[in-house]
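What follows is the residue order along each chain.
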Amino acid sequence: MTRIDDVARLAGVSTATVSRALRGLPTVTEATRLRVLDAAAQLGYIASPSASRLAGGKTRAVAVVVPRITRWFFSTVVEAAEDTLQEAGYDLLLYNLGGRENARERMLHTASLRHRVDALMLVATPLRRTDFAAISALGMPGVTVSSGTGVPGWPSIRIDDVAAARTATGHLIGLGHRRIAHISGNSGEELAFTAHLDRRRGYREALVTAGLTPDPALDVEGDFTIAGGGLATAELLRRGPVPTAIFAACDEMALGAIAVLRQAGLRVPADVSVIGIDDHDVARVVGLTTVAQPAAEQGRLAAGTLLGPLAAGTPPGPLAAGTPPGPLAAGTPPAAAPTDTVTLPTRLVVRESTAPPRETG
């Protein structure tokens, strides 16, 4: 098989010159370019895109890390980010941690990532103290999406999870519900989606603001899956008495809750109201009331945030003036906060799964 050094010998130039000539860079004279093209044609040489990229010191690829690609939010973010990156000529290299701690260790704490990608996007990926040094050593631009742990110097794209949960719980309170259960994420999972902590906080804040005392017996874990939401609802029914409303920290758990409630002979919303967060693709089909978050927009904005630094070859600083809209987070960021936090708005979408409790008609 013909190699680039074969072309270089026939043309009488270096392999670096062959690479520059075949990529059409202006640093090669026209006479040299023609000589290289003629040599390549004689030998039947076709340049490898990946080899050409590496010769230029760039891979034109971005690593995107997600805890579990099977979850609706993560897959939606990844798809939108990939569309944006591909339009700009970049490939997306997906790292699906799948709940495996060794997967994160292998990705962040080895040198292989540095030679595969030009930038890094962390989607809802919790980080340990030792991870920050490893990320800094990579020396590449980065951005976090919906992450409870920011990377110093990196932009962060997210929603206000506390406010979203307050909105969801407040909707139920406004309908007259007082015995409101909460289905959260799995606090025991090492790579848990850290938003569940903020959403539990918002749930409790809404109750306290309304003069209600949070009941630990009404707070169960469902690990952000349909099956988990179903198991959590079954546990709520076992504990009794049945709550008049359930706030699930994501739509997938809300869907599981509705299924189990119906299996138990309970009507939604006549007996139990159910609300989630996300606006999952199925939410409209089943009439689920939810707090919609712009998952695809978070992916597009995060990818777009990287394109400027990638083109300039520098780490990303504050978001440029032309960045797609989204209000900056209020208040002083924590010590580990990124350079800029863009907080995208959420909105309440009322459908058929919520109604006033029967006793208030």
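Residues numbered from 1 in each chain as written. Predicted model: local features only at pLDDT ≥ 70, side-chain atom pairs only at ≥ 80, totals over all residues. Heavy atoms only, no water.

(A) Spotlight on the sheet that holds strand S1 (residues 61-66). With parallel pairing, the 6 strands of this open sheet are ordered in space as S2-S1-S3-S4-S5-S11. Sheet topology places strand S2 (91-96) and strand S11 (341-344) at the edges, where each strand pairs with a single neighbour. Across the sheet, the axes of successive neighbouring strands diverge by a mean angle of 20°, strand direction being ignored. For strand S4 (residues 142-145) and strand S5 (residues 156-159), the ladder comprises 2 bridges, and the chain directions are parallel. Counted as the bridge partner of Val 145 is Ile 157 from S5. Each of S1, S2, strand S3 (119-123) and S4 touches helix H5 (residues 72-87); the most contacted strand, S2, lies at about 160° to it. (Pairing = 2+ DSSP bridges. Helix = DSSP H or I, 4+ residues; strand = E, 2+ residues; numbered from the N terminus. Axes fitted to C-alpha atoms, helices over the stretch in contact; angles between N-to-C directions. Contact = heavy atoms within 4.5 Å.)

(B) Quick peek at the packing of aromatic side chains. Going through the model one piece at a time under the given rule, you end up with 2 aromatic pairs. Look at Phe 73 and Phe 74: their rings are 5.7 Å apart centre to centre, the planes differ by 70°, and that puts the pair in the edge-to-face class. Judged by its relative accessible area of 4%, Phe 73 is buried. For Phe 74, a relative accessible area of 4% puts it in the buried group. Ring geometry for Tyr 203 versus Phe 247: centroids 6.4 Å apart, planes at 35°, classification tilted. (Phe/Tyr/Trp six-rings, centres within 6.5 Å; stacked < 30°, edge-to-face > 60°. Buried < 20%, exposed > 50% of the residue type's maximum accessible area, 1.4 Å probe, protein only.)

(C) Spatial organisation of the sheet that holds strand S12 (residues 347-349). The sheet built from 6 strands is open, its strands ordered S7-S6-S8-S9-S10-S12 with mixed pairing. The open sheet terminates on both sides in strands that have one partner only, identified here as strand S7 (219-221) and S12. Adjacent strand axes in the sheet meet at a mean angle of 20°, parallel and antiparallel pairs treated alike. Relative to strand S9 (residues 273-278), strand S8 (residues 245-248) runs parallel, the two sharing 3 bridges.

(D) Just the side chain of Glu 252, in detail. By secondary structure assignment, the location of Glu 252 is in helix H11 (residues 251-263). Although Glu 252 is buried, it makes no salt bridge; Arg 71 carries the closest opposite charge, 5.6 Å away. Dropping the residues within four chain positions of it, Glu 252 is found in contact with Arg 71, Trp 72, Phe 224, Thr 225, Ile 226 and His 280. (Lys, Arg positive; Asp, Glu negative; His and termini not counted. Salt bridge = Lys/Arg side-chain N within 4 Å of Asp/Glu carboxyl O.)

In short, shape yes, function no, at least from these values alone.
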